[in-house]
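# Remarks on the overall topology
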Amino acid sequence: MDSDTVRVAALEAEAGTTERYVADAIGEFAALTRRWPELVAAAGRLGSDGDLGRYA
């Protein structure tokens, strides 16, 4: 087996893992997007001024 064949086999072996990782990341982003207004409102109730500039 030459090195190119090994590389292709390794990429194919990881394809499912990468697809699952990307799908999970998209799902987490979508969940955060849906919850964002609630998170901002809760932060406001706890006294946050909403200025994210200090974190940049």
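You'll find the structure just up there.
Computed from a prediction, not measured in an experiment: that's the story for all the values here. (Residues numbered from 1 in each chain as written. Predicted model: local features only at pLDDT ≥ 70, side-chain atom pairs only at ≥ 80, totals over all residues. Heavy atoms only, no water.)

### What to know about the overall build of the protein
Per the secondary structure count, the protein includes 1 helix and 0 strands. Residue burial in the protein is summarised as follows: out of 56 residues, 0% are buried. For the protein, the exposed surface amounts to about 5100 Å²; the carbon and sulfur share of it is 62%. (Helix = DSSP H or I, 4+ residues; strand = E, 2+ residues; numbered from the N terminus. Buried < 20%, exposed > 50% of the residue type's maximum accessible area, 1.4 Å probe, protein only. Areas by Shrake-Rupley, 256 points an atom, 1.4 Å probe, with all protein chains shown as cover.)

### Considerations on the pattern of salt bridges
All chains considered together, the criterion is met by 3 salt bridges. Between aspartate 4 and arginine 7 there is a salt bridge whose closest N-O contact spans 2.9 Å. Within this pair, aspartate 4 and its partner arginine 7 are both found in helix α1 (residues 3–45), separated by 3 residues, close to a single helical turn. For aspartate 4, a relative accessible area of 49% gives the class partly exposed. Aspartate 24 is paired through a salt bridge with arginine 20; the nearest N and O atoms lie 3.0 Å apart. In this pair, aspartate 24 and arginine 20 both sit in helix α1, 4 residues apart, roughly one turn of the helix. Judged by relative accessible area, aspartate 24 falls into the partly exposed class, the value being 36%. (Salt bridge = Lys/Arg side-chain N within 4 Å of Asp/Glu carboxyl O.)

### Here we look at a nonpolar patch on the surface
Taken together, the side chains of Leu32, Trp36, Leu39 and Val40 make up a nonpolar region of the molecular surface, amounting to roughly 380 Å² of accessible area. In this fold, tryptophan 36 is placed in helix α1. On the basis of relative accessibility, which here comes to 46%, the residue tryptophan 36 falls in the partly exposed class. (Patch = residues over 30% accessible without salt bridge, like charges linked within 9 Å, V, L, I, M, F, W, Y side chains within 5 Å.)

### Some thoughts on α1
Helix length check: α1, at 43 residues, gives a terminal C-alpha distance of 59 Å against a target of 63 Å (1.5 Å per residue), a fit within 8%. The largest bend in α1 comes to about 50°, at arginine 35, with the proline proline 37 one to four residues further on. (Expected span 1.5 Å × (residues − 1). Bend = angle between axes of the 7 residues up to and from the residue.)

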